[in-house]
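Examination of the molecular architecture
For reference, the chains in residue letters:
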Amino acid sequence: MSDKGARDAPAGDSPLPSLFGEIIGHAPIGVAVIDFDGRYRSVNPAYCRMYGYAEGDMLGRSFTMILPPEERPSLLARHQAFLTQGGPLRGEFKVIRHDGVALYTVADSVKIPGDNDRGLRLVYV
């Protein structure tokens, strides 16, 4: 993707078409693409600002990094069940910003193609 939009982790091809990535890169809502193992593949600038991280600090790391430690295993399991079994993955979630401030976000997810038919989760906050 271009420097103006959401970008992918260095390894692999983009899960988002270029134009779509440009649009998401300028969106005022936080958007991320997460692989089956829970790693960020793409994050847009609004997502990074929301959690107080630089893009490079998020790409390739687990999305659970923004969750309270006690909630990480269950939400990773929900994420993987969403990708393999379907069903909704939405709601209000407690998150912890990089600066330690806790906040509540409302998030929804959709499954998009990628990763050897396991799919990727596109989450918008």
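In this text the structure is predicted, and so the values were computed from the model without any measurement.

1. Topic: helix H4 (residues 72-85)
Along its 14 residues, H4 runs 20 Å from first to last C-alpha, staying within 8% of the 20 Å computed at 1.5 Å per residue. Residues of H4 that are buried sit in contact with strand S2 (31-34), strand S4 (91-96), strand S5 (102-112) and strand S6 (120-124).

2. Re a nonpolar patch on the surface
The grouping of Ile29, Val110 and Tyr124 at the surface amounts to a nonpolar patch, some 220 Å² of accessible area in total. Mapping valine 110 onto the fold places it in strand S5.

3. Quick look at the nonpolar core
Counting residues in each nonpolar core, the largest one holds 20 residues, and the members touching the most others are Tyr40, Val43, Tyr47, Tyr51, Met58, Ile66 and Val123. Only S2, strand S3 (40-43), helix H2 (45-51) and S4 provide two or more residues apiece to this core. The leading source of residues in this core is H2, at three residues. Here tyrosine 51 is in contact with Met58, Ile66, Val95, Arg97, His98, Thr105 and Val125, once residues within four sequence places are set aside.

4. Describing the confidence of the model for the protein
Averaged over the protein, the pLDDT score is 87; the fraction of residues at 70 or greater is 86%. Overall, residues 1-12 carries pLDDT values under 50, and its contacts beyond four positions in sequence, including any with other chains, amount to 35 contacts.

5. Comments concerning the packing of aromatic side chains
Counted by the stated rule, this structure contains two aromatic pairs. Seen in terms of ring centroids, tyrosine 47 and tyrosine 51 are 4.8 Å apart; in terms of plane orientation they differ by 65 degrees. Their pairing is edge-to-face. Remark: tyrosine 51 and tyrosine 47 occur in helix H2; sequence separation between them is four residues, near one turn of the helix. The exposure class assigned to tyrosine 47 is buried, which follows from its relative accessible area of 3%. Since its relative accessible area comes to 1%, tyrosine 51 is described here as buried.

6. Some thoughts on helix H1 (residues 18-26)
Every buried residue belonging to H1 is among Gly21, Glu22, Ile24 and Gly25, and all of these are buried. Down the axis of H1, the smallest arc covering the buried residues is 165 degrees, so these residues share one side. Residues of H1 that are exposed and point more than 90 degrees away from the buried face comprise Leu19, Ile23 and His26. Check the buried side of H1 and you find it contacts S2 and H2.

7. With respect to the pattern of salt bridges
Here the structure, examined in full by the defined rule, presents four salt bridges. Here arginine 39 ties to aspartate 35 by a salt bridge, and the two come within 3.0 Å at their closest N and O atoms. Classification of aspartate 35 as buried rests on a relative accessible area of 3%. One salt bridge in this structure joins aspartate 108 and arginine 90, with 3.2 Å as the shortest N-O distance. With aspartate 108 in strand S5 and arginine 90 in the loop between H4 and S4, this residue pair connects regions lying 18 residues apart in the sequence. Classification of aspartate 108 by relative accessible area gives buried; the value is 16%. Among the ionic contacts, a cluster of salt bridges with common partners joins Asp35, Asp37 and Arg39.

Rules and cut-offs
- Residues numbered from 1 in each chain as written.
- Predicted model: local features only at pLDDT ≥ 70, side-chain atom pairs only at ≥ 80, totals over all residues.
- Heavy atoms only, no water.
- Helix = DSSP H or I, 4+ residues; strand = E, 2+ residues; numbered from the N terminus.
- Expected span 1.5 Å × (residues − 1).
- Contact = heavy atoms within 4.5 Å.
- Patch = residues over 30% accessible without salt bridge, like charges linked within 9 Å, V, L, I, M, F, W, Y side chains within 5 Å.
- Areas by Shrake-Rupley, 256 points an atom, 1.4 Å probe, with all protein chains shown as cover.
- Salt bridge = Lys/Arg side-chain N within 4 Å of Asp/Glu carboxyl O.
- Core = buried A, V, L, I, M, F, W, Y, C linked by side-chain atoms within 4.5 Å.
- Buried < 20%, exposed > 50% of the residue type's maximum accessible area, 1.4 Å probe, protein only.
- pLDDT = per-residue confidence, 0-100.
- Phe/Tyr/Trp six-rings, centres within 6.5 Å; stacked < 30°, edge-to-face > 60°.
- Arc of directions from axis to C-beta.

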